[in-house]
Amino acid sequence: MKKNSVRHLTIAALLVAMGIIIPMVMPRIVIGPASFTLASHVPLFLAMFFSPGVAVAVSLGTGFGFFLSATPIIALRALSHLLFALIGAFYLQKYPTIVLTKHKFVLFNGRFQLFNFVIGLIHSAAELAVVSVFYTMGNMPETYYARGYMYSIFLLMGIGGLIHSLIDYNIAYFVANALSKQFDIPVFSQAKKLEQVKTDILPQEIEPQQ
């Protein structure tokens, strides 16, 4: 148990560091006045495949890290990730088999993509709430007010944020699957065990009685 806790703490620390560094080095897609950094959410999405505890540690770690290195609005948006991270991590822990389909990893996995969409809605709604507060207080750059709330905040930050979330979670999904072949990624390991149990039991259930 102690060894597992130290391992998770180490993984969380690495993912926090990645979560702070990635926005600084990865390319950005700018759709004025907003910008979207590719893979900026991947470390947190990866944390959700480990445990709720790791997901909480990474969301809090990146949030407080941004309080030291970025603006308050960016830091609060990062802290808002705690909501979807907890919900998603608990769901994955309870239903790990959604990461597989027909006993194997498939990128266009309908069950996982539905989960991804729901997480994306929670993700974008939480960030939209944070940004809306700053917008109504008049603390956003003038370019946001020039375009109006519906375009600058709802469309770009809300809908754009949803699309950004969907893309990043698919990147994390692909990376986690690749890593699971060499390392223990708890959700993937548990999913494979459960799928193997189903495979072992099914022939016995359909075997005709003598």
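Note: the structure precedes this text.
Residues numbered from 1 in each chain as written. Predicted model: local features only at pLDDT ≥ 70, side-chain atom pairs only at ≥ 80, totals over all residues. Heavy atoms only, no water.

Asker: Before we move on, could you go through the pairing of strand E1 (residues 28–31) and cite the residues and values that matter?
Answerer: Remark: a regular strand shows side chains that alternate across the two faces of the sheet. For E1 and strand E2 (residues 34–37), the ladder comprises 4 bridges, and the chain directions are antiparallel. Each bridged residue has a counterpart across the sheet, and for Ile-29 the counterpart in E2 is Phe-36. Taking the residues between adjacent antiparallel strands as the criterion, E1 and E2 are bridged by 2 residues. (Pairing = 2+ DSSP bridges. Helix = DSSP H or I, 4+ residues; strand = E, 2+ residues; numbered from the N terminus.)

Asker: So what's going on with the environment of Pro-43? Which residues, and what values?
Answerer: Looking at where Pro-43 falls in the secondary structure, it is placed in helix H2 (residues 42–48). With 39 residues separating them along the chain, Pro-43 and Leu-82 place their C-alpha atoms 13 Å apart. In contact with Pro-43, other than residues within four places in its own chain, are Leu-15, Met-18, Gly-19, Ile-22 and Val-58. (Contact = heavy atoms within 4.5 Å.)

Asker: Help me get a handle on the side chain of His-8, residues and values and all.
Answerer: Among the structural elements, His-8 can be located in helix H1 (residues 2–25). If near-sequence neighbours (up to four positions away) are discounted, His-8 is found in contact with Phe-50, Ser-51, Val-54 and Pro-186.

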